[in-house]
Number of protein chains: 2
Amino acid sequence: MTTTATEQLELLTRNAAEVIPTEELTEKLKAGRPLRVKLGLDPTAEHVTLGWTVVLRKLREFQDLGHTAVLIVGDYTARIGDPSEAETTRPMLTKDEVDAHAARVLDQISLILAEDNLEIRRNSEWLDPLGTTGVLELATHYTVARMLERDDFAKRYAAEQPISLREFLYPLLQGYDSVAVRSDVELGGTDQHFNLMVGRHIQRAYGQDPQVVVSMPLIEGTDGVKKMSQSVGNYVAVTEPADEIFGKLMRLPDQLMIKYFRLTTALTPIEIGAIERDLESGALRPEAAKRRLAQSVVELYHGADAADAALTHFDRVFKNRELPDEADIAEFPLPADCVADGSVDIPCAMKTVGLAKSLSDARRKLEQGGVRIDGEPVSEGRIPVDKLKGRVLQVGKRRFARLV
Amino acid sequence: MTTTATEQLELLTRNAAEVIPTEELTEKLKAGRPLRVKLGLDPTAEHVTLGWTVVLRKLREFQDLGHTAVLIVGDYTARIGDPSEAETTRPMLTKDEVDAHAARVLDQISLILAEDNLEIRRNSEWLDPLGTTGVLELATHYTVARMLERDDFAKRYAAEQPISLREFLYPLLQGYDSVAVRSDVELGGTDQHFNLMVGRHIQRAYGQDPQVVVSMPLIEGTDGVKKMSQSVGNYVAVTEPADEIFGKLMRLPDQLMIKYFRLTTALTPIEIGAIERDLESGALRPEAAKRRLAQSVVELYHGADAADAALTHFDRVFKNRELPDEADIAEFPLPADCVADGSVDIPCAMKTVGLAKSLSDARRKLEQGGVRIDGEPVSEGRIPVDKLKGRVLQVGKRRFARLV
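What you see is a predicted model, and the numbers here were worked out from it, not measured in a lab.

(A) The sheet that holds strand E3 (residues 68-73) of chain A, seen in detail. Residues and elements named next belong to chain A. Here we have 6 strands laid out as an open sheet, ordered E1-E6-E5-E2-E3-E4, and mixed in their pairing. With partners counted over all chains shown, the strands left at the sheet margins are strand E1 (18-20) and strand E4 (118-122), one partner each. Sheet twist, expressed as the mean angle between neighbouring strand axes with direction ignored, is 20 degrees. Here E3 runs beside E4; their pairing, made up of 5 bridges, is parallel.

(B) Structural view of helix H1 (residues 5-12) of chain B. Residue and element names in this part refer to chain B. When we look at burial in H1, the residues that qualify are Ala5, Gln8, Leu9 and Leu12. For H1, the angular spread of buried residues about the axis comes to 100 degrees, placing them on one side. Where H1 is buried, its residues touch helix H2 (22-30) and helix H3 (50-64).

(C) Fine view of the relation of the copies chain A and chain B. It takes a turn of 180 degrees to lay chain A on chain B, together with a shift of 0.0 Å along the axis; the resulting RMSD is 0.1 Å. In short, the pair behaves as if placed about a two-fold rotation axis. When C-alpha positions in chain A are compared against the rotation axis, the closest is assigned to glycine 131 of chain A, at 1.9 Å. Comparing interface residues between copies, 100% of those in chain A also lie at the interface in chain B; the contact surface is shared.

(D) The packing of aromatic side chains, seen in detail. A complete count under the given rule lists 8 aromatic pairs over all chains for this structure. The interplanar angle of 75 degrees and the centroid separation of 6.4 Å between the aromatic rings of tyrosine 142 of chain A and phenylalanine 194 of chain A together place this pair among those described as edge-to-face. Note that tyrosine 142 of chain A is positioned in the loop between helix H6 (124-140) and helix H7 (144-147) and phenylalanine 194 of chain A in helix H10 (residues 193-205), a separation of 52 residues in sequence. With respect to burial, tyrosine 142 of chain A and phenylalanine 194 of chain A carry one shared label: buried. On the numbers, 4.9 Å between centres and 50 degrees between planes, the contact of phenylalanine 153 of chain B with phenylalanine 168 of chain B is tilted. Taken as a pair, phenylalanine 153 of chain B in helix H8 (residues 151-158) and phenylalanine 168 of chain B in helix H9 (residues 165-181) lie far apart in primary sequence, 15 residues in all. Of the two residues examined, phenylalanine 153 of chain B and phenylalanine 168 of chain B, each falls in the buried class.

(E) Local environment of helix H9 (residues 165-181) of chain A. All names here are of chain A. Across its 17 residues, H9 extends 25 Å between first and last C-alpha, which sits within 8% of the 24 Å expected from 1.5 Å per residue. Among the 17 residues that make up H9, 16 are buried, leaving the element largely enclosed by the rest of the structure. Positive backbone phi, approximately 50 degrees, marks arginine 182, located one or two places after H9.

(F) Seen up close, the side chain of glutamine 174 of chain A. All names here are of chain A. Residue placement: glutamine 174 occurs in helix H9. A polar contact of 3.2 Å, which involves the side chain of glutamine 174, links it to the side chain of glutamine 192. Setting aside its immediate chain neighbours within four residues, glutamine 174 contacts Lys38, Glu186, Gln192 and Asn195.

(G) Focus on the state of the cysteines. All names here are of chain A. Tallying each qualifying case throughout the model produces 2 disulfides over all chains. Between cysteine 338 and cysteine 348 runs a disulfide, and the two sulfur atoms are separated by 2.0 Å. Around the S-S axis, the bridge from cysteine 338 to cysteine 348 shows a dihedral of about -70 degrees and counts as left-handed. Placement of cysteine 338 in the loop between strand E7 (331-332) and strand E8 (339-340) and of cysteine 348 in helix H15 (residues 346-352) is noted, with a sequence separation of 10 residues between them. The buried category is assigned to cysteine 348, whose relative accessible area is 18%.

(H) Summary view of unusual backbone geometry. Residue proline 21 of chain A is reached from isoleucine 20 of chain A by a cis peptide bond, and omega for that bond is -15 degrees. Relative to the assigned elements, proline 21 of chain A resides in the loop between E1 and helix H2 (22-30). Positioned with a positive phi, arginine 182 of chain A is a non-glycine residue whose angle comes to about 50 degrees. You can see arginine 182 of chain A is positioned in the loop between H9 and strand E5 (185-189). Given the relative accessible area of 55%, arginine 182 of chain A is considered exposed. Phi angles above zero are rare outside glycine, and glutamate 160 of chain B is one such case at about 55 degrees. When you line up the elements, glutamate 160 of chain B lands in the loop between H8 and H9.

(I) A look at empty space enclosed by the protein. All told, the structure shown has 1 cavity of 30 Å³ or more when counted by the stated rule. Computed from the structure, the largest cavity encloses a volume of approximately 30 Å³. Lining the largest cavity, in full, are Leu165, Phe168 and Leu169 of chain A together with Leu165, Phe168 and Leu169 of chain B. Elements with a minimum of two residues in the lining of the largest cavity: H9 of chain A together with H9 of chain B.

(J) Molecular detail of the sheet that holds strand E9 (residues 343-345) of chain B. Residue and element names in this part refer to chain B. Strand order across the open sheet formed by 3 strands is E8-E9-E12, with antiparallel pairing between neighbours. Since the sheet does not close on itself, it has two edges, and those belong to strand E8 (339-340) and strand E12 (382-384), each with one partner. In the sheet, E8 pairs with E9 via 2 bridges, with the strands oriented antiparallel. Considered in E9, the bridge of alanine 340 is made with serine 343.

(K) The interface of chain A and chain B, seen in detail. Listed as interface residues are 29 residues of chain A and, on the opposing side, 29 residues of chain B. Among the residues of chain A in contact with chain B, Thr132, Leu136 and Leu165 of chain A are the three that bury the most area, contributing 27% of the side total. For the pair chain A and chain B, the interface holds 0 salt bridges. Counting the contacts that link chain A with chain B gives 16 residue pairs in polar contact (both at pLDDT 80 or more). Counting only elements with at least two residues in the side of chain A that touches chain B, the list comes to helix H4 (75-80), H6, H7 and H9 of chain A. Looking at the side of chain A that touches chain B, the element that brings in the most residues is H6 of chain A, giving 10 residues. Of the residues that constitute the side of chain A that touches chain B, the class distribution is 21 nonpolar, 6 polar and 2 charged.

(L) Expanded view of the packing of H6 of chain A against H9 of chain B. Where H6 of chain A meets H9 of chain B, the closest approach of the two axes is 6 Å, and the angle between their N-to-C directions is 140 degrees. Taken together, the axis directions place H6 of chain A and H9 of chain B in an arrangement best described as oblique. In this structure, H6 of chain A uses Leu136, Ala139 and Thr140 of chain A to contact H9 of chain B, whose residues at the interface are Leu165, Arg166, Leu169 and Leu173 of chain B. Across the contact of H6 of chain A with H9 of chain B, the residue classes break down as 5 nonpolar, 1 polar and 1 charged.

(M) Local environment of the pattern of salt bridges. This model, assessed by the stated rule, comprises 53 salt bridges over all chains. For arginine 285 of chain A, the salt bridge goes to glutamate 287 of chain A, with nearest N and O atoms at 3.7 Å. Judged by its relative accessible area of 29%, glutamate 287 of chain A falls in the partly exposed class. The closest approach of N and O atoms between aspartate 361 of chain B and lysine 365 of chain B, which form a salt bridge, is 3.1 Å. Placement of the pair is aspartate 361 of chain B and lysine 365 of chain B together in helix H16 (residues 359-367), with a separation of 4 residues, close to one helical turn. Take aspartate 361 of chain B and lysine 365 of chain B: they sit in the same class, and that class is buried. Several salt bridges converge on common partners, so that one network encompasses Arg36, Glu119, Arg121 and Glu125 of chain A.

Rules behind the numbers
Residues numbered from 1 in each chain as written. Chains lettered and ligands numbered in written order. Predicted model: local features only at pLDDT ≥ 70, side-chain atom pairs only at ≥ 80, totals over all residues. Heavy atoms only, no water. Pairing = 2+ DSSP bridges. Helix = DSSP H or I, 4+ residues; strand = E, 2+ residues; numbered from the N terminus. Axes fitted to C-alpha atoms, helices over the stretch in contact; angles between N-to-C directions. Buried < 20%, exposed > 50% of the residue type's maximum accessible area, 1.4 Å probe, protein only. Arc of directions from axis to C-beta. Contact = heavy atoms within 4.5 Å. Least-squares fit on C-alpha atoms with pLDDT ≥ 70 in both. Phe/Tyr/Trp six-rings, centres within 6.5 Å; stacked < 30°, edge-to-face > 60°. Expected span 1.5 Å × (residues − 1). Polar contact = N/O pair within 3.5 Å; in protein donor to acceptor, adjacent residues only side chain to side chain. Disulfide = S-S within 2.5 Å. 1 Å grid on protein atoms, 1.4 Å probe; cavity = no way out; pocket = protein on both sides within 12 Å on 5 of 7 lines; lining within 4 Å. Points joined across faces, edges and corners; volume = space filled by probe spheres on them. Buried area = accessible area lost by both parts, 1.4 Å probe. Salt bridge = Lys/Arg side-chain N within 4 Å of Asp/Glu carboxyl O. Nonpolar A, V, L, I, M, F, W, Y, C, P; charged D, E, K, R; others polar. Parallel < 35°, antiparallel > 145°, perpendicular 65-115°, else oblique.

Put into structure tokens, the structure is as follows:
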């Protein structure tokens with residue numbers, strides 16, 4: 001590590017929402033040894049979303065400076081369910097379900113983290129042997145009142161919604177993970193603030209130096225309103241096709257662009273500052289800035305060529321074909337009745353979403369060459385589902401429907 | 001079992017504070033099979049007190065009707081500490097400490113329970129193997145809000161006194177004991193009401209028929225004010241010498257006599273009713289009734305001969321020697337400075353409690369034969385501690401001190 005502690009501190013705390021406490025992080029960096037930087041991973045997640053990349057990319061920054069990323073696969077705690085996400089008690093998962101999920105998620109994460117300086121640990125490794133006595137000892141170290149201070153618990157308690165004792169144990173187990181891996185730093189989203197702080201407390205109770213908490217901002221999803229979330233569906237996943245990611249980001253509300261530039265791209269603060277100024281002066285149109293954002297993100301997960309291709313595809317479909325603004329295209333669920341053996345019956349779909357009066361009307365239009373998918377003419381009566389899902393079905397010049 | 005279910009019900013619910021629910025107990029008795037009657041035992045207790053005998057004797061009644069007493073030695077839970085007793089978090093005990101305690105307590109309990117129909121179980125047997133997963137599953141079955149309804153928790157929470165999460169787990173573990181031993185009935189003091197009800201709830205959660213809760217009244221201690229308790233010191237222990245038990249009961253406030261007759265003696269309701277009426281009419285003086293109470297209790301734990309002897313001893317010391325009323329004798333702690341190698345220096349003790357002006361004054365009185373212990377003349381300068389502790393030291397006709 002040739003970078004000085006001060007330079008490291010500047011980089012590592014960039015864009016962080018909280019660093020608790022900064023002095024301790026400075027001390028740890030000055031000591032010069034590789035820090036153990038913990039990140040808990042919910043293995044039940046289907047996708048690594050852009051929201052998730054905010055912390056993962058921060059962890060990568062630690063790796064690049066020679067520190068050790070300690071990824072905790074919460075295989076044990078996933079079986080309990082994390083109450084911080086949902087407002088009701090989540091169902092418990094079986095060991096096999098959790099393992100299958102974890103394998104998929106780790107595969108996706110390998111797109112972001114370096115293979116070196118990476119330690120992947122499953123918390124069943126130490127939580128299983130903890131046993132009755134270990135859990136009871138752990139439970140000695142936290143009070144009911146402090147646990148009830150956690151926002152979601154406080155709300156549910158006030159609303160007389162049930163909170164099981166199991167849920168109270170979750171933050172303690174997560175805190176014990178920090179003891180088990182002797183973490184120097186723990187990363188997380190701001191929604192994890194409470195749990196990360198419990199980790200500090202529990203480490204102290206077990207005689208360790210407490211970890212520094214570095215929490216990262218949450219990003220709103222593509223709807224621009226709610227936090228990006230797989231259950232809400234307003235997410236961008238890093239494994240989605242380049243065109244999909246590009247298209248989704250082009251639909252992002254303008255006011256979120258700069259936040260996305262900061263938290264989800266590799267652009268430097270100087271580059272982002274320039275974009276911000278150009279947008280303000282009018283030298284850069286929002287749509288052009290958004291194209292750069294979409295391209296930068298796609299480049300991270302699909303490479304520069306794919307990013308260029310996505311841009312070209314987007315322009316061909318939406319600009320050159322003079323499709324209406326994305327926001328004006330009505331969305332319909334892909335009609336399940338029209339799907340069989342993985343392919344869609346196009347006339348059936350056209351009728352269902354109102355692009356044709358009848359099946360025979362739909363077939364006629366199809367034969368006349370007046371039907372397009374994402375701007376490309378289509379003539380077959382049946383096409384595979386993935387050639388239609390998420391795309392724009394078009395009849396003539398003016399009638400559109402996005403099948404989602 | 002030749003006794004009918006109705007007769008059993010009458011006997012078994014006699015003097016109970018609560019039977020929840022009576023119909024279920026009737027059903028279980030009607031089924032005719034031996035019931036499994038659980039009683040949890042705090043192995044950290046030093047003595048089996050008369051307060052404790054209230055539930056132990058009730059359990060014996062079940063045994064005498066052919067039911068099985070299932071005694072749970074809370075060796076595991078004792079290591080956690082039961083928050084229901086103290087108002088602060090109690091310290092954890094080691095396994096060895098708990099085992100030593102348990103052996104002593106079980107020995108004392110054998111004075112009350114029958115050897116037949118007795119099952120002694122240690123809850124470490126099932127709580128140890130429960131493990132992390134088992135504890136978490138158990139914790140699924142109870143909510144934070146319901147646990148906070150327990151009186152002592154509610155008070156401590158309101159007073160902002162810390163309650164550790166460990167303490168919230170205790171009632172669940174105790175409830176799981178009921179699952180492990182498949183109890184049909186659980187006995188306890190009224191102070192255990194909440195925990196006993198948790199047992200019903202937990203049994204249901206694990207697919208068992210819930211136990212019937214039979215709670216017994218608590219008795220006030222010899223001070224007549226506070227619940228009898230080893231920590232308060234206002235107790236009578238069944239292993240105390242016959243004279244001690246007798247003397248302590250003679251100091252009991254009159255208004256507690258009938259309650260003690262009902263809950264701590266073998267007298268029948270008819271006999272007790274007669275005593276009550278005679279006391280009301282004045283046909284029986286309170287002191288005479290109390291002598292009968294003291295004799296009845298001593299008889300239970302030391303036999304009839306010892307009870308007679310204790311009565312005789314009491315009369316000789318306190319009545320024939322015309323000692324003042326017990327209540328008028330001042331109590332002093334046995335002066336530690338006067339004790340060495342298990343014996344007390346009498347002149348030193350006399351001077352310290354004010355029965356002599358100086359050591360030489362004390363020695364003179366001793367030589368003159370004017371010093372008595374429990375009415376018996378004493379001439380030795382040193383006597384073993386147990387010959388003085390709890391007894392009345394007397395100088396001349398009018399000066400007394402009880403050394404406690």
